[in-house]
Amino acid sequence: VTLVQAQARVTHILYRYFVHRPDKPRSSQFPSLVGALRLSAKYFAQDLRERCLERLASDWPTTLRGWDARETEAIDGKGAYVPREYTTHPILLIELAKELGLIEFLPSAFYDLSRYGPSKIFLGTPALKGVLSQSADTGTDAPEIKSPQDDDPLQPVRLTNDMLARTLRGRERGQKFIHKFIITRILHRAASEDCLYRLEPTNGVASFPCYQSFYFIALNVLRAVGGIASGRDADPLFTLLQAVEMLSRMDFENGNEGDGGKCGLKMCGTCKADFEEDCHRARRAVWRELPRWFGLEDAIDGQWGKE
Ligand SMILES: [Zn+2]
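Throughout this document, residue positions are counted from 1 along each chain, in the order its sequence is written. Residues qualify for local features only when their pLDDT is at least 70, as the model is predicted, and side-chain atom pairs are given and counted only at 80 or more; totals for whole chains, interfaces and linings, by contrast, use all residues. Excluding hydrogens and water, the side-chain figures rest on all heavy atoms present in the structure.

Caption draft 1: Helix 2 (residues 30-42), seen in detail. A run of H or I in DSSP becomes a helix once it reaches four residues, and a run of E becomes a strand once it reaches two; helices and strands are each numbered from the N terminus. Take the residue count of a helix, subtract one, and multiply by 1.5 Å to get its expected span. With 13 residues, helix 2 extends 18 Å between its outermost C-alpha atoms, agreeing within 8% with the 18 Å of an ideal straight helix rising 1.5 Å per residue. Residue burial is assigned from relative accessible area. The probe radius is 1.4 Å, only protein chains are included, and a residue is buried under 20% of its type maximum, exposed over 50%, and partly exposed in between. Across the 13 residues that make up helix 2, a large majority, 11, are buried. Those residues of helix 2 not exposed but buried are F30, P31, S32, L33, V34, G35, A36, L37, R38, L39 and S40. Where helix 2 ends, the next residue or the one after it, F44, has phi of about 50 degrees, a positive value.

Caption draft 2: The packing of aromatic side chains, seen in detail. Between rings of Phe, Tyr and Trp, where Trp is taken as its six-membered ring, a pair exists when centres lie within 6.5 Å; planes separated by under 30 degrees are stacked, by over 60 edge-to-face, and by other angles tilted. One pass over the full model with this rule turns up eight aromatic pairs. Both rings, one in W67 and one in W287, keep their centres 6.0 Å apart while their planes meet at 45 degrees; by these two values the pair is tilted. Note that W67 is positioned in helix 4 (residues 64-73) and W287 in helix 13 (residues 269-293), a separation of 220 residues in sequence. Assessed through its relative accessible area of 1%, W67 is described here as buried. Each ring, one from Y211 and one from F214, has its centre 6.3 Å from the other, and the planes form 75 degrees; the classification is edge-to-face. Taken together, the positions of Y211 and F214, both in helix 10 (residues 208-223) and three residues apart, correspond to about one turn of that helix. What links up through ring pairs into an aromatic cluster is the set W67, Y111, W287 and W304. When the ring centre of W60 is taken as origin, the NZ or CZ atom of R70, which lies over that ring, is 5.0 Å away. We call a charge positioned above a ring when the Lys NZ or Arg CZ atom is no farther than 6 Å from the ring centre and deviates by at most 35 degrees from the ring normal. The lysine or arginine in question, R158, covers the ring of F122, its NZ or CZ lying 5.9 Å from the ring centre.

Caption draft 3: Seen up close, the coordination of the zinc ion. Distances from the zinc ion to its protein donors, namely C195 (SG), C210 (SG), C268 (SG) and C271 (SG), fall within the range 2.3 Å. For Na, K and Ca the donor cutoff is 3.2 Å, while for all other metals N, O and S atoms must lie within 2.8 Å; water is not among the atoms, so some sites may look incomplete. Sites are called tetrahedral only when four donors show all angles between 85 and 135 degrees, square planar or octahedral only when four or six donors show opposite pairs over 155 degrees and all other angles between 65 and 115, and irregular in any remaining case. One way to put it: the four donor atoms around the zinc ion meet at angles of 106 to 112 degrees, and that makes the site tetrahedral. Written as a sequence motif, the donor arrangement for the zinc ion is C-x14-C-x57-C-x2-C. C268 sits in the buried class, given a relative accessible area of 2%. Its relative accessible area of 1% is what places C271 among the buried residues.

Caption draft 4: Fine view of the pattern of salt bridges. Salt bridges are identified by distance alone: a Lys or Arg side-chain nitrogen within 4 Å of an Asp or Glu carboxyl oxygen. Summed over the entire model, instances satisfying the criterion amount to 17 salt bridges. In this structure, R38 and E99 form a salt bridge, with 2.8 Å as the shortest nitrogen-oxygen distance. Remark: E99 occurs in helix 6 (residues 90-100) and R38 occurs in helix 2; sequence separation between them is 61 residues. Note that R249 and D251 form a salt bridge whose closest N and O atoms lie 2.8 Å from each other. For D251, a relative accessible area of 40% translates into the label partly exposed. A network of salt bridges, in which partner residues are shared, links R70, E71, R84, D112, R115 and D235.

Caption draft 5: Up close: the environment of S27. Relative to the helices and strands, S27 is located in the loop between helix 1 (3-19) and helix 2. Among the residues examined, S27 registers a relative accessible area of 18% and is labelled buried. In sequence terms S27 and D59 are 32 residues apart; their C-alpha atoms lie 9.3 Å from each other.

Caption draft 6: Structural view of the nonpolar core. Side-chain atoms within 4.5 Å are what join buried Ala, Val, Leu, Ile, Met, Phe, Trp, Tyr and Cys residues into a set we call a nonpolar core. If you look at the biggest cluster of nonpolar residues, it comprises 66 residues, and the most contacted ones within it are L56 and I217. Per element, the largest residue contribution to this core is eight residues, and it comes from helix 13. Working rule for contacts: check all heavy atoms of both residues, and any pair within 4.5 Å makes them a contact. Setting aside its immediate chain neighbours within four residues, I217 contacts I186, A243, M246, L247, L265, M267 and F275.

Caption draft 7: Geometry of the environment of E104. Assignment of secondary structure puts E104 in the loop between helix 6 and helix 7 (106-114). Considering only alpha carbons, one finds E104 and A299, 195 residues apart in sequence, at a separation of 8.5 Å. Residues within four places of E104 in sequence aside, it is in contact with T62, I300 and W304.

Caption draft 8: Representation of unusual backbone geometry in the model. With a phi close to 50 degrees, N203 is a non-glycine residue in the positive phi region. Following the sequence through the fold, N203 ends up in the loop between helix 9 (161-187) and helix 10. The phi dihedral of S207 falls on the positive side, at around 60 degrees, and the residue is not glycine. Tracing the chain through its elements places S207 in the loop between helix 9 and helix 10. Residue class for S207 comes out buried when judged on its relative accessible area of 2%.

Caption draft 9: Layout of the confidence of the model for the chain. Residue-level confidence of the predictor is summarised by pLDDT, bounded by 0 at the bottom and 100 at the top. Confidence along the chain averages 83 in pLDDT terms, with 80% of residues attaining 70 or more. The secondary-structure element of the chain with the lowest mean pLDDT is helix 11 (residues 225-229), recorded at 62, while helix 13 shows the highest, at 97. Segment residues 134-151: pLDDT under 50, and 34 contacts once partners within four positions in sequence are set aside and those in other chains are kept.

This is the structure:
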């Protein structure tokens, strides 16, 4: 067995033992992941580090596609959104990223955190004892691998004032973005040039069913009905996705007993296609903006959001 083979085998064993544990909820594996990352830094174990970073990237993606995959995964069998079952609290990740220089994961972590209400953001999260304070109690410089049983719920981890301000500013910018989109791109939206109803005015208004549908979507988004129900009312990416989903929903109340009191939007196909494309474009814009919203534009690679 060559030295290289031996190293690869050790990496594999460490990764399987400490990090890759399919039998446990992913969020509870975070302490082991932190320990493995520290080990890899101390002993220059590049393979181990890369495998750990790969794992972190699935929880804290650097691409919009990755984010959507993560969000889909965080919906349980009953349709409830349960992100903390799958990923650890973003404040813990932010602290780890600061310690180990894992800057690329910060935009999605800040975005995740900014979806909490301001008071929850301020209060922080229960600490995982020892995980974010390296070897403070051992008297040695050896990195420790802590288990989830070391959790100490009495010691919350809170953001520094700087990090708190970044989070709240980013939250505010996200809200402004979505507010502007609702007003200019939904409520006052022009019908498509090829709108099917352009030449069939209703009450003297061309494209009336489409304008009526835009208005209805705007009202629903402003009420943030689905967002509040699933704890994602300050989540521009989710809000835009919901707006798209409204195009195909058939469960809007219309009070008409004849068709079961339910209906879909009366918007024409061309206006629907235009609107859907606009929402997806806005989602890509939100993702591109994350580093700037959270004051990370100087630290994050210029390629962010270009995928
Ligand atoms: Zn139309």
